[in-house]
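Observations on chain architecture
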Amino acid sequence: MRKLIFASLLVAAIGCKNDSDVSHLSAEEETTNPKNIILLIGDGMGVTQISSLYAFEDKIASFDRFKNIGFIKTSSSDNRITDSAAGATAFASGIKTYNAAIGVDDDTVAAETIVEILSKKGWRTGLVATSSITHATPAAFYAHVAHRKMEEDIAKQLLDSDVDIVIGGGEKYFNAREDGINYLDSLRSKGYHVKTKSDQEIEVENPAEKEAHLMASSAMQKISEGRGEFLTEASLYTINKLKNTNDNFFVMIEGSQIDWGGHANDHDYIVDEMLDFDKTINAVLDFAEKDGNTLVIVTADHETGGYALSSGKDGYKTVTGTFTTGGHTAAMIPVFAFGPGSENFQGVYENNEIFHKMLESVK
């Protein structure tokens, strides 16, 4: 157990833009449209998960660097509490749909994703996750299936998607399938450079125009079990590859396993994964600050675990992580935005508005 360090919890100021808000915005943020969008999703990350960075680590977190902050309401079309599939579909396609749906509406009709829309406009796209790349959140950005558990169908749909680069786990859904088809070979025939878990490095010497890095059979390992700098390195590799095309780009990056720590009611798991996600956010913000044309959005699909920072056995001198559920909650989720168009993410709104705000920012 880490040394507990008492600190003030995160206070996220929201609402209308005022004079102090304006002072934090550069002229570029106020007047220009972004050329690139990077959406970071901390699956299962609520305010308390973010607050754990301050309560258990004597450090400045990446969230201190944001000035434009809002909150989203996260219900799905059929439940007051969303799952990751419906939550990601809201972000990716701008619709409320039923829990377990991937890229389809309530009638299971395919809903166009932001990846598909921007690709038609000449944008390059990338997806990075610490889950399998066929898991609910990344899947919602390129696939259309009635249920999130249809991961072999989701893998098949990557073949004909518009995604330029994917990095995550999930190799078995491509080459150890019930139908016996090796979709890694199919990806190669489509011009993808394919790397699997047997490869040690993300970097490739002669990258093809499209790349699929499937670095684990299913999900990537926990950060505490040796995942190392995977998320940060994979994110920067994807961003730099797409940046070097000189085209506009969209990248979705998921810190997938914050959610799994919540489901397991495992406080240390949450903090470990939050620290890893925080490091990645900082790296992305460093890129965006230097680039000057990139909109960065950090949010979550829902909160998991009913995670609270409660007083420890020494009373208010120490803090400990406690839980109210092994599932998701209906808590509102913070949204942090940086860069051109970031001021549009202030306020309180529905989760599917993230999609519409992203598209509106590039019109």
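Residues numbered from 1 in each chain as written. Predicted model: local features only at pLDDT ≥ 70, side-chain atom pairs only at ≥ 80, totals over all residues. Heavy atoms only, no water.

**Quick notes on the sheet that holds strand β1 (residues 36-42)**
Inclusion rule: Pairing between strands is defined by DSSP: at least two bridges between the two strands are required. Helical segments are the DSSP runs of H or I of at least four residues, strand segments are the runs of E of at least two, and each set is numbered from the N terminus. The angle between two axes is taken between their N-to-C directions and runs from 0 to 180 degrees, where each axis is a line fitted to C-alpha atoms and a helix contributes only its stretch in contact.
What the 10 strands build is an open sheet, ordered β5-β6-β4-β3-β7-β1-β8-β13-β2-β14; its pairing is mixed. Every other strand in the sheet has two partners, leaving β5 (192-196) and β14 (347-350) as the edge strands with one partner each. Pairwise comparison of adjacent strand axes, ignoring direction, gives a mean angle of 15 degrees for this sheet. When β1 meets strand β7 (residues 249-255), the two strands line up parallel, connected through seven bridges. Looking across to β7, one finds that I41 is bridged to E254.

**A word on the packing of aromatic side chains**
As a reminder, the rule being used: Put simply, two rings from Phe, Tyr or Trp (the six-membered ring, in Trp's case) pair if the centres are within 6.5 Å, and we call them stacked under 30 degrees between planes, edge-to-face over 60, tilted for the rest. Definition used: whenever NZ (Lys) or CZ (Arg) falls within 6 Å of the ring centre and also within 35 degrees of the ring normal, the charge is taken to sit over that ring.
Considering all chains together, one arrives at six aromatic pairs under this definition. Taken together through their ring pairs, the aromatic side chains of F63, F66 and F336 make up a single cluster. In this arrangement the basic side chain of K222 is found over the ring face of Y269, its NZ or CZ atom lying 4.5 Å from the centre. Directly above the aromatic system of Y349 lies the positively charged group of K357, at a separation of 4.5 Å from the ring centroid.

**Structural notes on the confidence of the model for the protein**
Quick note on the threshold: On a range of 0 to 100, pLDDT expresses the predictor's confidence in each residue. Here, two residues are considered to be in contact whenever any of their heavy atoms come within 4.5 Å of each other.
Averaged over every residue, the pLDDT of the protein is 91; the share at 70 or more is 90%. At the level of individual helices and strands, the protein shows its lowest average pLDDT in helix α1 (residues 19-23), which scores 37, and its highest in β1, which scores 99. Low confidence marks residues 1-31, where pLDDT is under 50. Its contacts with residues over four positions away, or in another chain, come to 66 contacts.

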